[in-house]
Amino acid sequence: MIYVFPKQTDPIRQGDIFIGLPRIDLSLQKVLLVDEKGERIAKWEALAKECQPLNIIVPVRSVAAIVATQDCDAYRSRDITLCEIREFRDVERKSRNTTAAKSWKNILTQHARINQKWFYLPPSTQLDFSDKMAVDFLVTLRVPREDLENLRSLRRGRLNPIADEHFRERIGEFFRRYPYDEWYALDEQEMLEYEKEYPDAGRFPWQKVANESNSGTTK
Amino acid sequence: MNNVSTVDLFDDWPTLKAPTSGPWRESHEKQSEKAFKLSHMSKVAGLALFLAVSPITAMPDLWLMERNRRDAVVTMSIYQEVIGRFISRSEALRVARQILVSAEQERLQLAEWEAKRGIQWEEDK
């Protein structure tokens, strides 16, 4: 499919797929401190002003991940950033019951039209991907570069040039997004429909003016 | 020769006495022994009172300030050590597990919420 399989000695590059890297999850409400006195639980708010390093217990799960750091930084930076890879059905819940090829076609090709938060990875026996998978841009991991270089045995593959180019642009677009209120340009009728689904959407001044002027014309 | 030495040299200078007038003036020689004792006791009492109230004078007491500062440091040190609530190792591990599971569930919930928005591709079947 869309993968190539580099030699183990090849340097780490963006698009490299590793199976079995640690994903750490933190809670700022439940920080598990550990020292010679024992274990304690505290809120990070109470620890934020602490200047000395603290030792804490964190849960970790071994996951699949793809290198997000661009090639230059992957060559010399201290840390490498990766994005977690999970089953496609868990990342894009619209597909949780999808079976028809036509529906899959629509879901998997929508990148060309809309900016998604995932990148599709097809199944591969060589990568041990038995089902459709997805890169979740929202979940990142950070590992030391030298440690990762010493663990290149965990690298199962790499995106081929076409997929790699697409991945590079997609991840760039994802982090280049900016937040905006999507209803800002809707007219009165469109806004009424939008508000049925999202009643909390606050109208912009020009939408209020439109509403008043429409009301005036109907009188 | 500076001014201080000059004072020392003229230590035997005759004491200047204020001019006296009126009946209140008593010579030292005429004071009774009782009066002398009372005067002495009042001086001792005054000295004792001065020493007793000296810490609350307007002068900053550096020793007291330093002691207070050290006390504050000790208090802060103790305060830092008791941040958080002590729990057992097993409870810590249970909470850690709970954090991981919650994080994964919350990501799934967000994906569910996102899926309800936008284009519903399943409608194309």
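Residues numbered from 1 in each chain as written. Chains lettered and ligands numbered in written order. Predicted model: local features only at pLDDT ≥ 70, side-chain atom pairs only at ≥ 80, totals over all residues.

Visitor: Before we go on, may I ask you to explain the overall build of chain B in this structure?
Guide: When helices and strands are counted, chain B shows four helices and one strand. Its helices and strands in sequence order give chain B the pattern α-α-α-β-α, from N to C terminus. Per-residue burial over chain B gives 3% buried out of 125 residues. (Helix = DSSP H or I, 4+ residues; strand = E, 2+ residues; numbered from the N terminus. Buried ≥ 20, exposed ≤ 12 C-beta atoms within 10 Å, placed from the backbone.)

Visitor: Would you mind going over the overall build of chain A with me for this structure?
Guide: Within chain A one finds eight helices and 10 strands. Look at the contacts in chain A between residues 6 or more apart in sequence, and 64% of them connect residues 24 or more apart. (Contact = placed C-beta atoms within 7 Å.)

Visitor: Help me out: how do you make sense of the interface of chain A and chain B in this one?
Guide: In many analyses, interface size is given as the accessible surface area lost on bringing the parts together. Residue-level contacts link 27 residues of chain A with 24 residues of chain B. When contributions to the side of chain A that touches chain B are tallied by element, the ones reaching two or more residues are β3 (31–35), β4 (38–42), α1 (44–47), α3 (88–91) and α4 (101–108) of chain A. For the side of chain A that touches chain B, the leading source of residues is β4 of chain A, giving five residues. Residues that form the side of chain A that touches chain B fall into these classes: 13 nonpolar, five polar and nine charged. Strand direction decides the pairing type here: β4 of chain A and strand β1 (residues 85–87) of chain B, joined by three bridges, are antiparallel. Residue pairing in the sheet places Glu-39 of chain A in a bridge with Ile-87 of chain B of β1 of chain B. (Nonpolar A, V, L, I, M, F, W, Y, C, P; charged D, E, K, R; others polar. Pairing = 2+ DSSP bridges.)

Visitor: I would appreciate a short explanation of the confidence of the model for chain A in the present structure.
Guide: Low-pLDDT portions of the prediction should not be read for the details of their coordinates. When pLDDT is averaged across chain A, the result is 90; 94% of the residues are at 70 or more. Taken element by element, chain A is modelled with least confidence in helix α8 (residues 205–218) of chain A, mean pLDDT 63, and with most confidence in strand β6 (residues 60–67) of chain A, mean pLDDT 98. (pLDDT = per-residue confidence, 0-100.)

Visitor: Explain the sheet that holds β3 of chain A here, please?
Guide: Strands pair in a sheet through their backbones, by hydrogen bonds, and they do so in one of two ways: parallel or antiparallel. Within the open sheet, the four strands sit side by side as β5(A)-β3(A)-β4(A)-β1(B). Their pairing is antiparallel. At either end of the open sheet lies a strand with only one pairing partner, and these are β5 (56–57) of chain A together with β1 of chain B.

Visitor: Explain unusual backbone geometry to me, please; I cannot follow it from the model alone.
Guide: Trans is the prevailing form of peptide bonds, just as negative phi is the prevailing case for residues other than glycine. Unusually for a residue other than glycine, Asp-128 of chain A sits at a positive phi of about 65°. Inspection of the secondary structure assignment puts Asp-128 of chain A in the loop between β8 (118–121) and β9 (133–144).

Visitor: Just to check I follow, could you spell out the pairing of β3 of chain A for this structure?
Guide: A regular strand carries its side chains on alternate faces of the sheet. All names here are of chain A. Examined bridge by bridge, β3 and β4 share five bridges and lie antiparallel to one another. Following the sheet pairing, Leu-33 is matched in β4 by Arg-40. Hairpin connection, β3 to β4: the antiparallel pair is bridged by two residues. As paired strands, β3 and β5 are joined by two bridges and run antiparallel to one another. Directly across from Leu-32, in β5, lies its bridge partner Ile-57.

Visitor: What should I look at first to understand the nonpolar core in this one?
Guide: The nonpolar side chains of a soluble globular protein tend to be buried, and buried together. Residues and elements named next belong to chain A. Judged by nonpolar contacts, the single largest core of 32 residues is most densely connected at Ala-65, Ile-66, Leu-82, Ala-134 and Val-135. Top element by residues in this core is β9. It accounts for six residues. When sequence neighbours within four positions are dropped, the list of residues in contact with Leu-82 reads Phe-18, Leu-21, Ala-65, Ile-66, Val-67, Ala-68, Thr-140 and Leu-141. (Core = buried A, V, L, I, M, F, W, Y, C linked by C-beta atoms within 7 Å.)

Visitor: Just to check I follow, could you spell out the sheet that holds strand β2 (residues 16–24) of chain A for this structure?
Guide: Residue and element names in this part refer to chain A. Read from one edge to the other, the open sheet built from seven strands follows the order β1-β10-β2-β6-β7-β9-β8, with strand pairing classed as antiparallel. Two strands bound the open sheet, and with one partner strand each, they are β1 (3–4) and β8. Sheet topology places β2 next to strand β10 (residues 155–159); three bridges connect them, and they run antiparallel. Bridge pairing in β10 places Asp-16 opposite Arg-158.

Visitor: For this particular structure, what's the right way to read helix α4 (residues 89–115) of chain B?
Guide: Two residues of an α-helix separated by three or four positions point the same way, owing to the 3.6 residues in each turn. When the terminal C-alpha atoms of α4 of chain B are compared, their 39 Å separation across 27 residues agrees well with the 39 Å that a helix rising 1.5 Å per residue should span. Turning to α4 of chain B, its buried residues are Ala-92, Ile-99 and Ala-111 of chain B. Of the surrounding secondary structure, the elements contacted by the buried residues of α4 of chain B are β3, β4, β5 and α3 of chain A together with β1 of chain B. (Expected span 1.5 Å × (residues − 1).)

Visitor: When you look at helix α6 (residues 161–176) of chain A in this model, what are you seeing that I'm missing?
Guide: All names here are of chain A. With 16 residues, α6 extends 22 Å between its outermost C-alpha atoms, agreeing within 8% with the 22 Å of an ideal straight helix rising 1.5 Å per residue. Buried residues of α6: Ala-163, Phe-167 and Arg-170, and no others. The arc that holds every buried residue of α6, seen down its axis, measures 70°, which confines them to one face. Counted as exposed and oriented over 90 degrees from the buried face of α6: Pro-161, Glu-165, Glu-169, Gly-172 and Arg-176. (Arc of directions from axis to C-beta.)

Visitor: Explain the confidence of the model for chain B here, please?
Guide: All names here are of chain B. Taken over all residues, the pLDDT of chain B has a mean of 66, while the share at 70 or more is 37%. The weakest mean pLDDT in chain B belongs to helix α1 (residues 3–9) at 44; the strongest belongs to α4 at 94. The low-confidence segment residues 1–15, where pLDDT is below 50, has one contact with residues more than four positions distant or belonging to other chains. Here the prediction assigns the complex a pTM of 0.68, and the interface score ipTM is 0.81.

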